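Geometric and topological summary
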Amino acid sequence: MRQIMWRKYDKQFGYRHVNAELDLGTYEKGIKIPDHKIKDLEATQLHRHEFHPDWNYSLGPATRPNTPT
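Worth saying up front: this structure is predicted, and the values here are computed from it rather than measured. (Residues numbered from 1 in each chain as written. Predicted model: local features only at pLDDT ≥ 70, side-chain atom pairs only at ≥ 80, totals over all residues. Heavy atoms only, no water.)

Moving on, we get to the overall build of the protein. Helices and strands together make up the secondary structure of the protein, namely one helix and four strands. The linear arrangement of helices and strands in the protein, starting from the amino end, is β-β-α-β-β. A burial count over the protein gives 4% of its 69 residues as buried. Pairs at least 24 apart in sequence give 0% of the contacts found in the protein among residues at least 6 apart. Total accessible area computed for the protein in this model is approximately 7,400 Å², and 53% of it derives from carbon and sulfur atoms. (Helix = DSSP H or I, 4+ residues; strand = E, 2+ residues; numbered from the N terminus. Buried < 20%, exposed > 50% of the residue type's maximum accessible area, 1.4 Å probe, protein only. Contact = heavy atoms within 4.5 Å. Areas by Shrake-Rupley, 256 points an atom, 1.4 Å probe, with all protein chains shown as cover.)

Mean pLDDT over the protein: 79, with 81% of residues reaching 70 or higher. For the protein, per-element mean pLDDT is lowest for strand 1 (residues 2–10), which scores 65, and highest for helix 1 (residues 35–44), which scores 90. (pLDDT = per-residue confidence, 0-100.)

To continue, consider the pattern of salt bridges. Between side chains of opposite charge, pairing is possible as soon as their charged atoms come close. Per the stated rule, a full pass over the model turns up two salt bridges. Connected through salt bridges with shared partners, the residues Glu 42, Arg 48 and Asp 54 form a single ionic network. (Salt bridge = Lys/Arg side-chain N within 4 Å of Asp/Glu carboxyl O.)

A few words on the side chain of Gln 45. Summarising the element assignment, Gln 45 is placed in the loop between helix 1 and strand 3 (46–48). Contact partners of Gln 45, with chain neighbours within four places excluded, come to Ser 58, Leu 59, Gly 60, Pro 61 and Ala 62.

On to the environment of Ala 62, then. Tracing the backbone through its elements, the reader meets Ala 62 in the segment after strand 4 (57–59). Taking the C-alpha atoms as reference points, Ala 62 and Gln 45, separated by 17 residues in sequence, lie 6.7 Å from one another.

And the structure:
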């Protein structure tokens, strides 16, 4: 995999860093996520950005159910 690092200066926050990897894997096309699962994600992990929210979003960590130790 090819790794990319990007750095940009922001007047308010200083330097911002982004690390990305190019995934050359192949995946099936046309897999659809049901609307109810998207709504569940939006309520918990998926945070859409103001600019082009269909394309730009942040996905937070998955919450894990409480399991006894």
